[in-house]
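Chain and residue survey
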Amino acid sequence: MPTNVTPEYKKAEQAYRQAREPRERLDCLKELLRTIPKHKGTEHVQADIKTRIKQLTEELAGPKKGGRRSGPSHVVRPEGAAQLCLIGPPNAGKSSLHVSMTGSRSDVGPYPYTTHVPVAGMLPFEDIHFQLVDLPPVSGDFMEPWLINALQPADGILLIIDVSDPECLEQVPVILERLAEKKVFLRSVWPGLVPEGTREETDAENLFRLDLPTVLIANKSDLDPDPEEVEILEELLGLRFPALTMSAQTGDGLDELGEFLFRALEVVRVYTKTPGKPVDSDKPFTVRRGGKVLDVARLVHRDIAKSLKFARMWGEEVFDGQQVGPDHLVCDGDTVELHF
Ligand SMILES: Nc1nc2c(ncn2[C@@H]2O[C@H](COP(=O)(O)OP(=O)(O)OP(=O)(O)O)[C@@H](O)[C@H]2O)c(=O)[nH]1
Ligand SMILES: [Mg+2]
């Protein structure tokens, strides 16, 4: 972080960290550039901000007529309770898993480098969905230049390997290295599961670094049915990602992901109701542990959040219809009635 920054810049920094929508992130970047003190000590950061503005503007502009870039935008707008990106070496079965878990039509092929563009799909879990984004592979030979940008809105990574392929021992470190070069760091710590004795050092000072909680997915377990294989792999690689074993072919282990993500991301479901009407129990809004009534109101409508006065709540930690303020914490399964 540059020295002697103004409170205005600090505010812009905080807004950037929280922004998820690409367009919102672009606005925040412009605000950062506007507010950063312009002197020698901030030149690097200024250049970094400008590069990101350029990249994101190009992404948002979509296909360029007669230009280098063509095809759809590579940033997927987050939807559902969280966005998870699929990363892995070529041919590991990322797209096969995506198809099986979300019902998408992502291309599957028996040869490497089948996937060329991001494909979004929704993984259902109970009454919510997680968004899974299938991506092209990462290898020592190649990584799509836009891939890092596509990871920016993600809440986490599914690191998918072919557990029957001994080459994954070389592939995984290469992937981690390539991402780290671009300031994307795959982390084993998830908010809802902090393994004992792990404290990962992060350089929180750096605005553009991205730390993404990661789950290792050992795919193709039908080809290597040793249930301890993934533990041995992690031991050999010196990694401590939580791991799930799956087979896209047989469907084994696929139904564990939703439950895992729900717990690891500490998703909190909140139902809403209008005064005098029954609860809208079909579609909850989702926040994370530590979320407040105000956060739920923001999801319902920005204007409601702005003029929110109080809420009535039903749930385990309140008495029925209890009146609470906008800063009241919500718990999974709560119902709120917003008064504004
Ligand atoms: N036996 C077995 N084969 C699988 C499994 N999952 C995927 N495959 C096969 O592995 C090959 C590659 O699958 P894809 O899903 O295209 O792999 P990918 O990781 O998306 O590949 P790229 O897009 O090239 O990175 C295909 O022939 C799949 O049928 C599995 O669980 N078991
Ligand atoms: Mg693929």
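Residues numbered from 1 in each chain as written. Chains lettered and ligands numbered in written order. Predicted model: local features only at pLDDT ≥ 70, side-chain atom pairs only at ≥ 80, totals over all residues. Heavy atoms only, no water.

Comments concerning the coordination of the magnesium ion (ligand 2)
At this site the magnesium ion (ligand 2) is bound by Ser-95 (OG) and Thr-115 (OG1), with donor distances of 1.9 to 2.1 Å. Of this pair, Ser-95 sits in helix H4 (residues 94–102) while Thr-115 is found in the loop between H4 and strand S2 (119–125), placing the two residues 20 residues apart along the sequence. Across the pair, Thr-115 and Ser-95 agree in class, each one buried. (Donors = N, O, S within 2.8 Å, 3.2 Å for Na, K, Ca; no water. Helix = DSSP H or I, 4+ residues; strand = E, 2+ residues; numbered from the N terminus. Buried < 20%, exposed > 50% of the residue type's maximum accessible area, 1.4 Å probe, protein only.)

Brief notes about the site of ligand 1
The environment of ligand 1 is made up of 23 residues, and the closest members are Lys-94, Ser-96, Tyr-113, Thr-114 and Asp-222. At a separation of 3.3 Å, an oxygen atom of ligand 1 approaches a polar side-chain atom of Ser-247. Compared with its free state, where it exposes 660 Å², ligand 1 has 89% of that area covered by protein. Ranked by residues supplied to the shell around ligand 1, first place goes to H4 with three residues. (Near = heavy atom within 4 Å. Polar contact = N/O pair within 3.5 Å; in protein donor to acceptor, adjacent residues only side chain to side chain. Areas by Shrake-Rupley, 256 points an atom, 1.4 Å probe, with all protein chains shown as cover.)

So, the side chain of Gln-322
Assignment of secondary structure puts Gln-322 in strand S11 (residues 318–324). Given the relative accessible area of 19%, Gln-322 is considered buried. Leave out the neighbours within four places in its chain, and Gln-322 touches Ala-311, Arg-312 and Met-313. (Contact = heavy atoms within 4.5 Å.)

Here we look at the packing of helix H1 (residues 7–18) against helix H2 (residues 22–35)
Two numbers describe how H1 lies on H2: the axes approach to 9 Å, and their chain directions differ by 160 degrees. Our classification of the angle between H1 and H2 gives roughly antiparallel. For H1 against H2, the interelement crossing comes out left-handed. Note on element contacts: H2 touches H1 through Arg-25, Cys-28, Leu-29, Glu-31, Leu-32, Arg-34 and Thr-35, opposite Glu-8, Tyr-9, Ala-12, Glu-13, Ala-15 and Tyr-16. Of the residues contributing to the contact of H1 with H2, the split by class is seven nonpolar, one polar and five charged. (Axes fitted to C-alpha atoms, helices over the stretch in contact; angles between N-to-C directions. Parallel < 35°, antiparallel > 145°, perpendicular 65-115°, else oblique. Left-handed = near helix turned anticlockwise from the far one by under 90°. Nonpolar A, V, L, I, M, F, W, Y, C, P; charged D, E, K, R; others polar.)

Focus: the sheet that holds strand S12 (residues 334–339)
Across the sheet, five strands lie side by side as S9-S8-S12-S10-S11; this open sheet has mixed pairing. Each having just a single partner strand, strand S9 (280–288) and S11 make up the two edges of the open sheet. The mean inter-strand angle of the sheet, taken between neighbouring strand axes irrespective of direction, is 30 degrees. Strand direction decides the pairing type here: strand S10 (residues 310–315) and S12, joined by five bridges, are antiparallel. The residue of S12 that forms the bridge with Phe-310 is His-339. Each of strand S8 (267–272), S9, S10, S11 and S12 is contacted by helix H9 (residues 293–300), which is oriented at about 120 degrees to S9, the strand it contacts most. (Pairing = 2+ DSSP bridges.)

Quick word on the packing of aromatic side chains
Evaluated as defined, the whole model comprises three aromatic pairs. Considering the side-chain rings of Phe-125 and Phe-262, the 5.4 Å spacing of their centres and the 40 degrees angle between planes classify their relative orientation as tilted. Taken together, the residues span a long stretch of sequence, with Phe-125 in strand S2 and Phe-262 in helix H8 (residues 256–264) at a distance of 137 residues. By relative accessible area, which is 15% here, Phe-262 ends up buried. Geometrically, the ring pair formed by Trp-190 and Phe-260 is edge-to-face, given 5.2 Å between the ring centres and 80 degrees between the ring planes. Here Phe-260 lies in helix H8 and Trp-190 lies in the loop between strand S5 (184–187) and strand S6 (210–219), a separation of 70 residues in the sequence. Here the two residues Trp-190 and Phe-260 agree in accessibility, since each one is buried. A cation over a ring is seen here: Lys-283 above Phe-285, with NZ or CZ 4.9 Å from the ring centre. (Phe/Tyr/Trp six-rings, centres within 6.5 Å; stacked < 30°, edge-to-face > 60°. Lys NZ or Arg CZ within 6 Å of the ring centre and 35° of its normal.)

The analysis is restricted to geometry; functional conclusions fall outside its scope.
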